[in-house]
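As a plain string of letters, each chain reads:
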Amino acid sequence: GRIACNQVLYHLQERAVEHAVLPWCERHGVALVAYSPFGHDDFPAPDSPGGRVLAEIAAARNASPRQVALAFLTRKPSVLAIPKAARAAHAHDNAGTLALELSAGEIERIDAAGDYMCIYTGDNTLILRETMKDLEKRLDPRRFQRVCSVLNWVSLQPILVGNQSCLWLDWCLA
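Residues numbered from 1 in each chain as written. Predicted model: local features only at pLDDT ≥ 70, side-chain atom pairs only at ≥ 80, totals over all residues. Heavy atoms only, no water.

Novice: What exactly am I supposed to notice about the overall build of the protein here?
Specialist: Regarding its fold elements, the protein presents 8 helices and 6 strands. Start at the N end of the protein and walk to the C end: the helices and strands fall as β-α-β-α-α-β-α-α-β-β-α-α-β-α. Within the span of the protein, comprising 174 residues, buried residues form 42% of the whole. Looking at the protein as shown, the accessible area adds up to about 9900 Å², and 55% of this sits on carbon and sulfur atoms. (Helix = DSSP H or I, 4+ residues; strand = E, 2+ residues; numbered from the N terminus. Buried < 20%, exposed > 50% of the residue type's maximum accessible area, 1.4 Å probe, protein only. Areas by Shrake-Rupley, 256 points an atom, 1.4 Å probe, with all protein chains shown as cover.)

Novice: I'm lost on the packing of helix H2 (residues 49–61) against helix H3 (residues 65–73) in this one. Help?
Specialist: Working note: a packed helix pair is described by the angle between its axes plus the distance between those axes. The contact between H2 and H3 brings their axes to 8 Å, and the two run at 100°. Here H2 is positioned roughly perpendicular relative to H3, judged by the angle of their axes. Seen from H2, the contacting residues are Leu54, Ala55, Ile57 and Ala58; seen from H3, they are Pro65, Val68 and Ala69. Each residue belonging to the contact of H2 with H3 can be placed in one class, and the counts come to 7 nonpolar, no polar and no charged. (Axes fitted to C-alpha atoms, helices over the stretch in contact; angles between N-to-C directions. Parallel < 35°, antiparallel > 145°, perpendicular 65-115°, else oblique. Contact = heavy atoms within 4.5 Å. Nonpolar A, V, L, I, M, F, W, Y, C, P; charged D, E, K, R; others polar.)

Novice: Explain the side chain of Ser78 here, please?
Specialist: On the secondary structure map, Ser78 appears in the loop between H3 and strand E3 (79–82). Given a relative accessible area of 17%, Ser78 falls into the buried group.

Novice: Would you mind going over the sheet that holds E3 with me for this structure?
Specialist: Pairing within the open sheet is parallel, and its 3 strands lie in the order E1-E2-E3. Each edge of the open sheet is held by one strand with a lone partner, namely strand E1 (5–9) and E3. Adjacent strand axes in the sheet meet at a mean angle of 30° when their direction is disregarded. Strand direction decides the pairing type here: E1 and strand E2 (residues 31–35), joined by 5 bridges, are parallel. When the bridges of E2 are listed, Gln7 appears paired with Val33. (Pairing = 2+ DSSP bridges.)

Novice: Looking at this structure, I do not really get the pattern of salt bridges. What am I missing?
Specialist: Close approach of charged atoms allows side chains of opposite charge to pair. If you walk through the whole model with that rule in mind, you get 6 salt bridges. Across the pair Arg15 and Asp111 runs a salt bridge, and its minimum N-O distance is 2.4 Å. On the criterion of sequence distance, the pair formed by Arg15 in the loop between E1 and helix H1 (21–27) and Asp111 in helix H5 (residues 104–113) is long-range, its members being 96 residues apart. With respect to class, Arg15 is no different from Asp111; both count as buried. Three or more residues are tied together by salt bridges with common partners; here these are Arg15, Glu18, Arg75 and Asp111. (Salt bridge = Lys/Arg side-chain N within 4 Å of Asp/Glu carboxyl O.)

Novice: I would appreciate a short explanation of the packing of aromatic side chains in the present structure.
Specialist: Centre-to-centre distance and the angle between the planes together describe a pair of aromatic rings. This model, assessed by the stated rule, comprises 1 aromatic pair. Here the aromatic rings of Phe38 and Phe43 are separated by 6.0 Å at their centres, their planes lie at 80°, and the arrangement is edge-to-face. Side by side, Phe38 and Phe43 carry an identical accessibility label, which is buried. Its guanidinium or amino end placed over the ring of Phe38, Arg66 lies 4.7 Å from that ring's centre, counting from NZ or CZ. In this structure, Arg66 is placed above the aromatic ring of Phe43, and the distance from its NZ or CZ to the ring centre is 4.5 Å. (Phe/Tyr/Trp six-rings, centres within 6.5 Å; stacked < 30°, edge-to-face > 60°. Lys NZ or Arg CZ within 6 Å of the ring centre and 35° of its normal.)

Okay, here's the thing in structure tokens:
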């Protein structure tokens, strides 16, 4: 048998899959199914950089910020999303995403407003806050791939890591 899809946690605050899992799925013709595309109570707040960008694009497009977020996450043909719809109004709002195609500039604005990786030690000391794109530029391809592998394993945004995970990250970044 062949793998038809890979269902993964994927939302604006959890985008590690874009750097290793999604490219693999695209190379192998496997659909990526994003569950919880609005996050777990961590959809960008209206006063956050990401929330402001979503609201600005939504206002310009006569859409909701959640529609803009779904359009961003499903901008590639290989990505599907399964958003929660507890009410009929939610389902209607989610369906409105189908008519929304974001421009390259809008995608760039959303991309720039988020994707920060914040990693903390057990005593809440911040050890890394960097965008994945900046990290990719800074590291050679082999080290960046190691980081992606570890982050896909431990999860992202923000991570509370113990000593063992810190050692993994030391290995990745070394």
